[in-house]
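Understanding the architecture of this molecule
What follows is each chain in one-letter form.
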Amino acid sequence: MDLQPPLLALNRGGFILAISHKEKGMSYVLSSKDLLGLKDISKEEIELILSTAEAMKEILFRDIKKVPTLRGKSMVCLFYEPSTRTRTSFELAGKYLSADTVNISTSTSSVVKGESLRDTGRTIEAMGIDLVVIRHSCAGAPHMLAQEISASVINAGDGMHEHPTQALLDMFTIKEKKGRIEGLEVAIIGDILHSRVARSNIWGLKKMGANIRICGPMPLIPPNISDLGVRVCSSVEEAVEGADVVNVLRIQRERQDKGFFPSLREYAKIYGIDKEKLKGAKEDVLVIHPGPVNRGVEITSEVIESSCAAIEEQVTNGVAVRMALMYLLLQGGAKNEAAD
């Protein structure tokens, strides 16, 4: 399948018009009503999302950051875990596209009364919701919800499984800064074991043609991770040698038992990214981080504030990518016709 990215423009009313290439007389859209992970998504779909995000980002730099594209559509953010960046990013993405957005706090909902995820989803759908964005501590929860309701479902992070929108915004940032993804050397440093961000990045970047090496404390490297086509490095210096991109992961204290490494101080000394460790990388190395950053642990303030880091821009790109997903899922066409 040889697809070019769609051309997006705004008409006088502010609606986004997609001029997409056709195959067998049909517009190319996402093959599923949901985005649950990057393991099973195609390279062409990733390219479509990233290309659509380019047009969406332009909206964010206007004086009036609002278009009526999703007027009449509704979205619920259903977060069973704490979040600032992801939840706010989705909420703003919906509002910028004129969708009606609702946040459900599980700590003050019927969940505390024992309501199941299945029943919560069906209750939400009965209210006419078009899209549910869910974050859950249980791996596979978004997949189960997607099977139970006809509304679209976006996985905003499920346990230690996947975080597809974070990986998409990472790839968007890399492509924007480097002009390509294919052939790049990408080092992922830190807690691979607990990181859903790492898993989604590995799936997505490999499909886009990047070469990936990983490094972290051995107890935080999953067994058989090399089966995914990544190279396991024994030191940070080895991992960043000749790297085009260094993706630094957050130490997830909330997911860890004790004993993975002696102390945060020792972790910072051995695995923390500083200017000295980056000397072996490409001169124009790009440093990214999913946030929130534990300054002085995973990465030093000097690197964060340097020109090689794009951590704040990742946040901006996250809104654009999530706007693109909402558009493609809710307004992009007959969702399943392309797959038939």
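Look above for the structure.
Residues numbered from 1 in each chain as written. Predicted model: local features only at pLDDT ≥ 70, side-chain atom pairs only at ≥ 80, totals over all residues. Heavy atoms only, no water.

1. Remarks on the pattern of salt bridges
Pairing between side chains becomes possible if they bear opposite charge and their charged atoms approach one another. Applied cut-off: By salt bridge we mean one thing: a side-chain nitrogen of Lys or Arg within 4 Å of a carboxyl oxygen of Asp or Glu. The way it works is that DSSP assigns letters per residue, a run of H or I at least four long becomes a helix, a run of E at least two long becomes a strand, and they are numbered from the N terminus.
The full count for this structure, using the stated rule, is 17 salt bridges. Among the salt bridges present, the one from Arg295 reaches Glu305, with a minimum N-O distance of 3.0 Å. One end of the pair, Arg295, is in the loop between strand S13 (286-288) and helix H9 (301-304); the other, Glu305, is in the loop between H9 and helix H10 (311-330), and 10 residues separate them in sequence. One salt-bridge network, held together by shared partners, links Lys57, Glu176, Lys177 and Glu313.

2. What to know about the nonpolar core
Threshold: Buried Ala, Val, Leu, Ile, Met, Phe, Trp, Tyr and Cys residues form a nonpolar core when they are joined through side-chain atoms within 4.5 Å. Burial classes follow relative accessibility: with a 1.4 Å probe on protein chains only, a residue under 20% of its type's maximum area counts as buried, one over 50% as exposed, and anything between as partly exposed. Residue contacts are defined here by distance: any two heavy atoms, one from each residue, within 4.5 Å place the two residues in contact.
Core analysis: the largest hydrophobic core is formed by 64 residues, its most contacted members being Val133, Leu168, Met171, Ile188 and Met323. The dominant element in this core, judged by the number of residues it contributes, is H10, at 11 residues. Aside from chain neighbours lying at most four places away, what touches Ile188 is Ala198, Asn201, Ile202, Ile212, Arg213, Ile214, Cys215, Asn247 and Leu249. Ranked by size, the runner-up nonpolar core spans 28 residues in total, among them Ile189, Ala281, Val303 and Ile311.

3. Thoughts on the sheet that holds strand S7 (residues 131-136)
Within a sheet, neighbouring strands are paired by backbone hydrogen bonds and run either parallel or antiparallel to one another. Worth spelling out the cut-off: For two strands to be treated as a pair, DSSP must find no fewer than two bridges joining them. Here the axes come from fitting lines to C-alpha atoms, over the contacting stretch only for helices, and the angles between their N-to-C directions go from 0 to 180 degrees.
Taking strand neighbours across the sheet as the criterion, the four strands line up as S6-S5-S7-S8 in an open arrangement whose pairing is parallel. Where the open sheet ends on each side, the last strands, each with one partner, are strand S6 (100-105) and strand S8 (152-158). Averaged over neighbouring strand pairs, the angle between their axes works out to 15° when direction is ignored. As defined by bridge partners, strand S5 (residues 74-79) adjoins S6 across six bridges and the pair is classed as parallel. The partner of Leu78 across the bridge, within S6, is Ile104. The strands touched by H10 within the sheet are S5, S7 and S8, with S8 carrying the most contacts at an inclination of about 150°.

4. Description of the environment of Val232
Structurally, Val232 is set in strand S11 (residues 231-232). For Val232, a relative accessible area of 35% gives the class partly exposed. Among all residues touching Val232, those that are not within four sequence positions of it are Ile214, Ile221 and Ile225.

5. Regarding the sheet that holds strand S10 (residues 211-215)
Across the sheet, five strands lie side by side as S11-S10-S9-S12-S13; this open sheet has parallel pairing. The sheet is open, and its two borders are formed by S11 and S13, each paired with just one other strand. Packed on one face of the sheet, helix H5 (residues 164-178) meets strand S12 (245-248) and S13 and runs near 160° to S13.

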